[in-house]
Amino acid sequence: MAYILEVKALTKRFGGLNAVNNVSFGVNEREILSVIGPNGAGKSTLFKLISSFLIPTSGEVTFKGERISNLAPHIAARMGVVRTFQETTIFRNMTVRDNIIIAHHLRSKASLLGYFFGTRIAKQDEAGFGVSADEILDFLGLSPIAGEVAKNLPHGHLRALGIAIGLATRPTVLLLDEPFAGMNHDETMKAVAMVRSLRDRGLTVLLVEHDMPAVMKISDRIVVLNFGEKIAEGSPTEIQNNPRVIEAYLGVEDEEIGL
Amino acid sequence: MSKKTRTLAVSLFLLAVFVLVPALIGTTGRKDFYYTLTSVALLSIASAGVWLTFFIGRINIGQGAYALMGGYVSAVLVMTYGLSFWWTLPIAGIFCAIASVIIGLPILRLRGVYFAMVTLVLTEVTRLLALALPITSGAKGITSIPLPGALSLFGVTLIPDFATMENPRIAFYYVAAALMTLCFAGLYRLVNSRIGHICMSLQQNEELASSIGVNIAYLRVIAYAISSFLGGISGAVFVAATQSVYPSSFTVTDSVNFMLNCFLGGLGYVFGPMLGTLVLYFGWNLLFETGKFQLLIYSSLMIILMLLLPNGILSLRSLWKKV
Amino acid sequence: MEQIVANGLYLGAQYALIALGLTLIFGLMNVLNFAHGQMYVLGGFITYAVYGQLGLPFVLAILASGTTLFVIGGLMERYLFRTVIKRSHREESTMLLAAATAFFFDAVILLVFGEKQRGVPKIVKGVFNDFGIILPYDRLLVGLLAAISIISFILLMKYSKPGRAMRALAQDRVAAQLMGVEVERFTMLGFALGAMLAGITGGLLVTITGVNAGIGGPISIKAFTMIMIGGAGVVGGAIAGGFILGMMESIGLTILREYGDVTYLVIFASLMVFLSIRPNGLMGKPWG
């Protein structure tokens, strides 16, 4: 079966440094694939390349067979490849619900002018967004805080809001940037269940993470980067037993690797 | 605000501008106030444009360029081609909008001070162009521009020929005030609609806006085009009112003033530029009595105001709310 | 040809000095000092007063200009900018304050010194006439003094403790704070230094081009142009911008003399094209 998202010989050079060097792999539809690697391995850069926030020095990224690298980021988003942000960026002064409603911008049918004049299509859009937003709020368990102003939220909820914003765009592939960072065990377990349920919605999920137990639990497949290069790819069990991976993580606590 | 309060506020405003002011001027006999207030109205339109560029996260110190451009377009069209002023008004605006798209495409991706500095230079460039190009008649400018003719729609005369009026100043005041009202009504609607929210998202985080599918470059150009359109219109009416235009009609100082009007009123408020223009312009005029100390007192007051209310006059509103 | 180069170099040295002051302030505080041109004018008038009117030695006059502007700059930062920066929601609010201070300076200068063009007697007489270059000795001297000031400034920033502190602040405010740099003191010092540089340049140039109350604004615009060319917040950028503008002016004024103002039109137009390719100037640090 063809890959829904494919990274082909992707390279990104900054000055004299290859942040990402000749990386290739594919993502299957409705798969949960994690990209891991020590700090500085190039995971963030890879992410930005896939979501088209950076232009590759060479190589390409294709989505459903079509090239999406080298396109403006909002076009990649419109095609269905959407990323969430590590620095929990949200619209600080709006409520949670409004944040999600705004994010529906991508799926609006009315034109900008229509919104200005409040045409019928615009009003229909708005009504539909409200319904969709409520559904997403419910799905992520954010309904209780729907009316809270975003800047007052604690970290865990901010992270969920970031994902909610991503979901509002009705993506096909969702790129999650360290979704489990800074969470304790319980929170992580809940988040793991949530990411799994994303797959049930029909999404393909690509995530970057440091939290090994979570990664091992949730991933169908894992890609390991080190110094910008892919050093391993496979199922969680294969990765855990891969000598190159262990070597790359040498000096790191055993628990971290989940052995 | 609730809908009732809003309707009340709007009615009061319209009453004040269109009825009370003329009545007051009539009774006190201060006919010169017509010119002053016309200027305030027109300048506030230009400032509103600058405010809109702030709204998408750019510091625009180049509005004077478009005011000058709009003024010249109107003047040339009236003098050389005999067009009615009322036609030249939208044409001037659209000309400026198109020019701003061409200029904006390369520079709008600049941020912060870099963008500001480029726009500062823009005003100078326009002035130099006006001096150099033959069509603008160089340093002597275009003078003796006839007053606007009648404006009639489908045979109905909406506005009589200005030359037939006893005091065209009053007519100019009404035109300027009407344009100002339309401008700010439109701005208010824009800011509170979905577009406004998207623009705010642009201000807060451009990457996030991109990721929800906002075409940032496109939105910026549109906002800048609208802003320049407003500048052009303001300039065109100004030139009609003063019946002349020179390369020095709008200078860097004016561009800076438009920006200052926005800051003083409060960048976070749609009506900031209106209030800011009123205060700064009226303040400057009132201080005329102080003779050579005018600039000193004016700038000192501005500094004090900045120290007390760094977020603009309308930021008092949020303080009031807390009380 | 050599004349154009010589003129360009001597002009460039002056301009670089002005640009350095502006870029220092910008680098430290993200504030565009609108009043920079006015500070230059003030420096010029002080030198005029001390050297031209009181007849005291030129060096003393320059010292007076520098010191006065240093103090003024420091006070401005401490009592005006610091307050506004702390309390405003948006970084750009300082622009209003900066513009207001520019107007204030204009007003004061006009009231105190009047609107007449002022000049001072030449500090050195005679003309250097060799290698196809005609350069009056006073211009040569002023150019040299400017170059010396630039070099001293660079050395100061690079090797002295305050210089390093200020550079650290400009690069990363929070990190500098964490490492014990007293942010407030060095920000004030930076602003004062920037103002001083403007004042010194004004004092130097009054001996050649004179000074009048109205040139503050245009000087500010020139300074901004240099920063745009060379890039803001970086010492090298200011120097590069200064020399490039000096050169372009020299070339333009000689070659395009018949066309008058076209020189600056060309400079600005090329600048806009240049900026679309390199938005941050030659070496500038990106905004925000």
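Note that this is a predicted model, so its numbers are computed, not measured. (Residues numbered from 1 in each chain as written. Chains lettered and ligands numbered in written order. Predicted model: local features only at pLDDT ≥ 70, side-chain atom pairs only at ≥ 80, totals over all residues.)

1. Comments concerning the overall build of chain A
- Within chain A one finds 11 helices and 10 strands.
- Its C-alpha atoms give chain A a radius of gyration of 19 Å, near enough to 18 Å, the size a compact globule of 259 residues would have.
- Over its C-alpha atoms, taken along the principal directions, chain A stretches across nearly 60 × 40 × 35 Å.
- In chain A, which comprises 259 residues, the proportion classed as buried is 42%.
- Intrachain contacts of chain A at a sequence separation of at least 6 include 65% that bridge at least 24 residues. (Helix = DSSP H or I, 4+ residues; strand = E, 2+ residues; numbered from the N terminus. Rg over C-alpha atoms; globule rule 2.2 N^0.38 Å. Buried ≥ 20, exposed ≤ 12 C-beta atoms within 10 Å, placed from the backbone. Contact = placed C-beta atoms within 7 Å.)

2. Topic: the interface of chain B and chain C
- Each side of the interface is counted separately: chain B has 39 residues, and chain C has 44 residues.
- Ranked by residue count, the leading element in the side of chain B that touches chain C is helix α5 (residues 112-132) of chain B, at 14 residues.
- Taken together, the residues of the side of chain B that touches chain C sort by class into 31 nonpolar, 4 polar and 4 charged. (Nonpolar A, V, L, I, M, F, W, Y, C, P; charged D, E, K, R; others polar.)

3. A closer look at the sheet that holds strand β1 (residues 5-14) of chain A
All names here are of chain A.
- What the 4 strands build is an open sheet, ordered β2-β1-β4-β5; its pairing is antiparallel. Taken across any chain shown, the strands that pair with only one partner, and hence form the sheet edges, are β2 (17-27) and β5 (66-67).
- The sheet contact formed by β1 and strand β4 (residues 58-63) spans 5 bridges and is antiparallel. Its bridge partner lying in β4, Lys8 is registered against Glu60. (Pairing = 2+ DSSP bridges.)

4. A word on the interface of chain B and chain A
- Listed as interface residues are 19 residues of chain B and, on the opposing side, 20 residues of chain A.
- Among the elements that make up the side of chain B that touches chain A, the one with the highest residue count is helix α7 (residues 194-204) of chain B (6 residues).
- For the side of chain B that touches chain A, the per-class residue count stands at 7 nonpolar, 9 polar and 3 charged.

5. So, the pairing of β4(A)
Residue and element names in this part refer to chain A.
- Bridge count for β4 against β5 is 2 bridges, and the pairing is antiparallel. Within β5, the position partnered with Thr62 by the bridge is Arg67.
- Two successive antiparallel strands, β4 and β5, enclose a turn made up of 2 residues, where Lys64 displays a positive phi of approximately 50 degrees.

6. Digging into helix α9 (residues 216-230) of chain C
Residue and element names in this part refer to chain C.
- Compared with an ideal rise of 1.5 Å per residue, which puts 15 residues at 21 Å, α9 spans 21 Å between its outermost C-alpha atoms and is within 8% of the ideal.
- Taken residue by residue, α9 has Gly216, Ile219, Ser220, Lys222, Ala223, Phe224, Thr225, Met226, Ile227, Met228, Ile229 and Gly230 as its buried positions.
- Of the residues trailing α9, Gly231 is marked for its positive phi of about 105 degrees. (Expected span 1.5 Å × (residues − 1).)

7. Points about the confidence of the model for chain C
- With 96% of its residues at a pLDDT of at least 70, chain C reaches an overall mean of 83.
- Note on the complex model: pTM 0.84, ipTM 0.80. (pLDDT = per-residue confidence, 0-100.)

8. Considering the sheet that holds strand β3 (residues 32-36) of chain A
Residue and element names in this part refer to chain A.
- Ordered in space as β6-β7-β8-β3-β9-β10, the 6 strands form an open sheet in which the pairing is mixed. Only two strands of the sheet have a single partner each, and these edge strands are β6 (81-83) and β10 (229-234). When the angles between neighbouring strand axes are averaged without regard to direction, this sheet yields 20 degrees.
- In this sheet, strand β7 (residues 173-177) lies alongside β6 in parallel orientation, the contact comprising 3 bridges. Bridge pairing links Val81 to Val173 in β7.
- The sheet strands contacting helix α7 (residues 185-200) are β3, β7 and β8 (204-208), and the helix crosses β8 at an angle near 150 degrees. (Axes fitted to C-alpha atoms, helices over the stretch in contact; angles between N-to-C directions.)

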